Amino acid sequence: MSSSSSEMVRHRGGCHCGEVAYEVVAPSHLHVYNCNCSICTKKQNRHFIVPKSRFKLLKGAEYLTTYTFNSHRAKHMFCRVCGVQSFYEPRSNPDGYGIMPHCLDPSTVTGMTVEDFNGVAWEESMEKEASKQSSSSILAWSKLPQDQA
């Protein structure tokens, strides 16, 4: 995880209608994944991952609806009023959240690096990620660095 290359900031985000709102602590320059799995392709989902401890739902729990499919490990939460998914619990990182950068207040985002992720071949891609150095793997993004644990 290369958060040291960008200062950590408190981003605010939410759905389109405003019923769901949250804060997330993440780098100002975001490392965003562009996944090509079936649901990410249909939703044009790009996301970055944070540990659950860096996410705080400010309002709208009662407006969230959850969709699951296949393994039912990913929890795709969206606002039942406007239909926007602004965050979710990814299969790859059940100890974190996937945050949609386009649902953040843009004033705290200084830039984005986008990395393609082959979600069509999910198991194979995850094996490759597990073999990477821990700091550069998608698996590392939901883990707090030792000095911040």
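This text follows the structure it describes.
Residues numbered from 1 in each chain as written. Predicted model: local features only at pLDDT ≥ 70, side-chain atom pairs only at ≥ 80, totals over all residues. Heavy atoms only, no water.

A. Quick peek at the nonpolar core. Counting residues in hydrophobic clusters, the biggest one holds 19 residues, and the most contacted among them are Tyr22, Val24, Phe48, Phe87 and Ile99. The element that contributes the greatest number of residues to this core is strand E2 (residues 21-27), accounting for 3 residues. Residues within four places of valine 24 in sequence aside, it is in contact with Val9, Arg10, His11, Phe48, Val50, Arg54, Phe55, Ile99 and Leu104. Grouped together as the second largest cluster of nonpolar side chains are 8 residues, Cys37, Ile39, Cys40 and Met126 included. (Core = buried A, V, L, I, M, F, W, Y, C linked by side-chain atoms within 4.5 Å. Buried < 20%, exposed > 50% of the residue type's maximum accessible area, 1.4 Å probe, protein only. Helix = DSSP H or I, 4+ residues; strand = E, 2+ residues; numbered from the N terminus. Contact = heavy atoms within 4.5 Å.)

B. Summary view of the packing of aromatic side chains. What the rule picks out here adds up to 6 aromatic pairs. On the numbers, 4.5 Å between centres and 40° between planes, the contact of phenylalanine 55 with tyrosine 97 is tilted. Here tyrosine 97 lies in strand E9 (residues 96-99) and phenylalanine 55 lies in strand E5 (residues 55-59), a separation of 42 residues in the sequence. Here phenylalanine 55 and tyrosine 97 have matching classes, each one buried. Geometrically, the ring pair formed by phenylalanine 87 and tyrosine 97 is edge-to-face, given 5.6 Å between the ring centres and 85° between the ring planes. Placement of the pair is phenylalanine 87 in strand E8 (residues 87-89) and tyrosine 97 in strand E9, with a sequence separation of 10 residues. Overall, the relative accessible area of 16% leaves tyrosine 97 in the buried class. What links up through ring pairs into an aromatic cluster is the set Tyr22, Phe55, Phe87 and Tyr97. One residue, lysine 52, lies across the ring of tyrosine 97, its end atom 5.5 Å from the ring centre. (Phe/Tyr/Trp six-rings, centres within 6.5 Å; stacked < 30°, edge-to-face > 60°. Lys NZ or Arg CZ within 6 Å of the ring centre and 35° of its normal.)

C. The arrangement of the environment of glycine 18 in detail. Mapped onto the fold, glycine 18 is located in the loop between strand E1 (8-14) and E2. The sequence separation of glycine 18 and valine 81 amounts to 63 residues, and the corresponding C-alpha distance is 9.4 Å.

D. Here's a closer look at helix H2 (residues 122-131). For H2, the set of buried residues is Trp122, Ser125, Met126 and Glu129. Projection of H2 onto a plane perpendicular to its axis shows the buried side chains occupying an angular sector of 100°, all on one side. Turned more than 90 degrees away from the buried face of H2, the exposed residues are Glu127, Lys128 and Ser131. Buried residues along H2 sit in contact with strand E10 (111-117). (Arc of directions from axis to C-beta.)

E. Structural context of the pattern of salt bridges. Following the criterion strictly, the structure yields 3 salt bridges and no others. With a closest N to O distance of 3.5 Å, glutamate 23 and arginine 10 form a salt bridge. Taken together, the residues glutamate 23 in strand E2 and arginine 10 in strand E1 connect sequence positions 13 residues apart. We classify arginine 10 as exposed; its relative accessible area is 51%. Of the charged contacts, one joins lysine 52 and glutamate 89 as a salt bridge, the two residues approaching to 2.9 Å between their closest N and O atoms. In this pair, lysine 52 sits in the loop between strand E4 (46-51) and E5 while glutamate 89 sits in strand E8, placing the two residues 37 residues apart along the sequence. (Salt bridge = Lys/Arg side-chain N within 4 Å of Asp/Glu carboxyl O.)

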